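Summary of the model geometry
Okay, here's what each chain looks like letter by letter:
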Amino acid sequence: MKYISFEGLRKNVSRLIMGSDFFEPENFEEVCRVLDSYVAIGGNTIDTAYHYGAGKSERSIGMWLEARKNRGEINLLLKGAHPNKDGPRVHKAAIREELLISLDRVQTERTELYALHRDDPNQPVGAILEALNEHLEEGRIGVIGASNWSAARLAEANQYAADHGLKGFSFSSPNLCLAKAMEPFWPGCVSVDEDMLAWHERSQLPILSWSALGRGFFSGRYTPEDRSNADLVRIFYNDANWERYRRAEELGVKKGVSTTQIALAYVLNQSFPTGAVIGPRNDVELKSCLTATELELTREEIRWLDLRTE
């Protein structure tokens, strides 16, 4: 397993991060099996969110941590401030409310990483960072990040932090994937485009990508003619993405690995630090992801996969 270091964290973060949106106390045996297998390959970071399963994901993680007595070995990546039926919640009161509830569910007093799950462009970055820095100073959070924020807002926030003696965002968590999204997965979601990729290359701000494998686009289960998955059709079905798929398949044959492994290696071989949130349900899928972390792609291969001509 390979890792990313963050100033302010005692433990480095594994580049494969275990997703938990399917975790719940009702399938606790599966949760234990998945997490135990993940830790066995060197994984040490679990991604969850305040609204996953109406809190069931966080509670099941807390149950596993208590059962295994391994809290000191695990990094938690909690997310909050997701909009609800009443609208955006990226403000001081909501951040505090959701963070405290999340920590209670996971049965801990501190999360190593904390990310705002969405942005609210109507909220000034200064007020948001000041609210987050209070929790940093009080020891509830190790480092802060932003999920689904634009590069412009990230840059504005970190400039504000630098100008006002605050800690800025240490990571971003958008969708970074070889297949390029034509529209958001869900309202408020951000996928990396060429401009955002260039900004991360310049700033070197790490990306911890969600849906790094395009929700199964590279699995081989789909073809341009198979339009049975409406979401995949809506988000990924265009000629450019099918050409990226074809190239990943070709490179996989050359390297003796699967198309999916090439797609994951693309995310993990950028010119700035990256990690990927994964959701394997069995050991075969987990070991496939681990193999992808060991693949080294050249800059030329990355550009070729990405259809870059310059």
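Everything discussed here concerns the structure shown above.
Residues numbered from 1 in each chain as written. Predicted model: local features only at pLDDT ≥ 70, side-chain atom pairs only at ≥ 80, totals over all residues. Heavy atoms only, no water.

**Concerning helix H5 (residues 151–163)**
The first and last C-alpha atoms of H5 sit 18 Å apart over 13 residues, in line with the 18 Å expected at 1.5 Å per residue. Along its buried surface, H5 packs onto helix H4 (125–137), strand E7 (141–146), strand E8 (171–172) and helix H6 (194–203). Positive backbone phi, approximately 65°, marks Gly 165, located one or two places after H5. (Helix = DSSP H or I, 4+ residues; strand = E, 2+ residues; numbered from the N terminus. Expected span 1.5 Å × (residues − 1). Contact = heavy atoms within 4.5 Å.)

**Some remarks on the layout of surface pockets**
Roughly 1,100 Å³ of internal volume is contained in the largest pocket. In terms of lining residues, the largest pocket is bounded by 39 residues, among which Ser 211, Arg 215, Val 277, Ile 278 and Gly 279 are the most central. Its residues placed into classes, the lining of the largest pocket shows 15 nonpolar, 16 polar and 8 charged. In this structure, the second largest pocket encloses a volume near 250 Å³. In terms of lining residues, the second largest pocket is bounded by 13 residues, among which Glu 7, Gly 8, Val 143, Lys 167 and Ser 170 are the most central. A total of 3 residues in the lining of the second largest pocket trace back to one element, the largest contributor, which is E7. Residue composition of the lining of the second largest pocket, by class: 6 nonpolar, 5 polar and 2 charged. (1 Å grid on protein atoms, 1.4 Å probe; cavity = no way out; pocket = protein on both sides within 12 Å on 5 of 7 lines; lining within 4 Å. Points joined across faces, edges and corners; volume = space filled by probe spheres on them. Nonpolar A, V, L, I, M, F, W, Y, C, P; charged D, E, K, R; others polar.)

**Things to note about the environment of Gln 123**
Mapped onto the elements of the fold, Gln 123 is located in the loop between strand E6 (111–116) and H4. If we ignore the near neighbours within four places in the chain, the residues touching Gln 123 are Val 90, His 91, Ile 128 and Arg 153.

**A word on the packing of helix H1 (residues 28–40) against helix H2 (residues 56–68)**
Two elements in contact, H1 and H2, have axes whose closest approach is 10 Å; the angle formed by their N-to-C orientations is 65°. The way H1 lies across H2 gives a crossing that is right-handed. Seen from H1, the contacting residues are Phe 28, Val 31, Cys 32, Leu 35, Asp 36 and Val 39; seen from H2, they are Ser 60, Met 63, Trp 64 and Arg 68. For the contact of H1 with H2, the per-class residue count stands at 7 nonpolar, 1 polar and 2 charged. (Axes fitted to C-alpha atoms, helices over the stretch in contact; angles between N-to-C directions. Left-handed = near helix turned anticlockwise from the far one by under 90°.)

**A look at the pattern of salt bridges**
Scanning the entire structure with this criterion turns up 25 salt bridges. Ionic pairing is found between Asp 86 and Lys 85, a salt bridge with its closest N-O pair at 3.5 Å. Residue class for Lys 85 comes out exposed when judged on its relative accessible area of 79%. Here Arg 140 makes a salt bridge to Glu 138, at a shortest N to O gap of 2.2 Å. (Salt bridge = Lys/Arg side-chain N within 4 Å of Asp/Glu carboxyl O. Buried < 20%, exposed > 50% of the residue type's maximum accessible area, 1.4 Å probe, protein only.)

**A short note on the nonpolar core**
In this structure, Leu 116, Trp 149 and Phe 169 are the most contacted members of the largest nonpolar core, which totals 86 residues. Per-element accounting of this core gives the leading share, 7 residues, to helix H9 (residues 259–268). What Trp 149 contacts, discounting residues up to four positions off in sequence, is Leu 116, Arg 118, Asp 119, Val 125, Ile 128, Leu 154, Ala 157, Phe 169, Val 190 and Met 196. Listed in part, the 12 residues of the second largest apolar core include Val 13, Leu 77, Ala 115 and Val 143. (Core = buried A, V, L, I, M, F, W, Y, C linked by side-chain atoms within 4.5 Å.)

**Let's talk about the state of the cysteines**
In protein structure, a disulfide is the covalent linkage between the sulfur atoms of two cysteines. On inspection of all chains with the given rule, the structure shows 0 disulfides. This cysteine, Cys 189, is not joined by any disulfide, and Cys 177 carries the nearest cysteine sulfur, 13 Å off. Take Cys 189: its relative accessible area is 11%, and that puts it in the buried class. Counting only cysteine sulfurs, Cys 177 is the nearest neighbor of Cys 289, a cysteine outside any disulfide, at a range of 13 Å. (Disulfide = S-S within 2.5 Å.)

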